[in-house]
Amino acid sequence: MSRQVFSKTTGGLCLIILAGFLGACNQKAPEQQNASPEPVSAAADNTTAVTIESGKGSVEITNAVKPWPDDAPADVPKYLYGTIRKIIRTETPEGNSWDMAIDRLPQHALRDYEAALKAKGFETTSMIVPEKEGDRGSVTGIKGAFTVVLIGSGGSMSLSIIQKQ
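Basis of the calculations
Residues numbered from 1 in each chain as written. Predicted model: local features only at pLDDT ≥ 70, side-chain atom pairs only at ≥ 80, totals over all residues. Heavy atoms only, no water. Core = buried A, V, L, I, M, F, W, Y, C linked by side-chain atoms within 4.5 Å. Buried < 20%, exposed > 50% of the residue type's maximum accessible area, 1.4 Å probe, protein only. Helix = DSSP H or I, 4+ residues; strand = E, 2+ residues; numbered from the N terminus. Pairing = 2+ DSSP bridges. Phe/Tyr/Trp six-rings, centres within 6.5 Å; stacked < 30°, edge-to-face > 60°.

> How should the nonpolar core be read in this particular structure?
Note that soluble globular proteins tend to have their nonpolar side chains buried in a common cluster. Among the nonpolar cores identified, the biggest contains 24 residues, and Trp 68, Tyr 79, Met 100, Tyr 113, Leu 150 and Leu 159 are the most heavily contacted of them. Taken together, the elements giving at least two residues each to this core come down to strand E3 (83-92), strand E4 (95-103), helix H2 (109-119), strand E7 (146-153) and strand E8 (156-164).

> Mind showing me how you'd approach the pairing of E4 here?
Each regular strand shows side chains that alternate between the opposite faces of the sheet. With eight of its nine residues buried, E4 lies for the most part within the structure. Pairing between E3 and E4: nine bridges, direction antiparallel. Its bridge partner lying in E4, Thr 83 is registered against Asp 103. In textbook terms, the turn of a hairpin is the stretch between consecutive antiparallel strands, and for E3 and E4 this stretch comprises two residues. Across nine bridges, E4 lies against E8 in antiparallel orientation.

> Whenever I open this one, the packing of aromatic side chains confuses me. Can you help?
Describing an aromatic ring pair means giving the distance of the ring centres and the angle of the ring planes. Scanning all chains against the criterion turns up two aromatic pairs. Ring geometry for Tyr 79 and Tyr 81: centres 5.2 Å apart, planes at 85°, overall edge-to-face. The class of Tyr 79 is buried, set by a relative accessible area of 2%. Through a chain of ring-to-ring contacts, three or more aromatic side chains come together here, namely Tyr 79, Tyr 81 and Tyr 113.

Next comes the structure, spelled out in structure tokens:
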């Protein structure tokens, strides 16, 4: 499978899954009457993870606040500018990908990460439009077998790392 077909297939699948999860985040659970909330300690593990395996690879979906995926490639700079809420990890014979839903971004998150990619040797292309609630647009970085894509608007963003085998 060519790199372009792999990227389009993986990217399309990830965007569909990410859109579904982001839509689900806006749903509110029905309120229970006379139920008092129980305190949750900061150390409590509220992580939910689902793994789907097939003969051609696997997909792991993690719903948790994480600073950065533990198994993300070291060549890709860590994203330090917001809160990662969802991580979708895909593993296929053609390569691996990490797709993240990020929120609570500072004003210039896209520009700052573009600079971090350049500092790590990535060749970047970008389309960034400044707005009142923060930059919106996209940044793509390519270096060897790695492609990094950020798409953001206002306070939320999706970040994808694609690693071709």
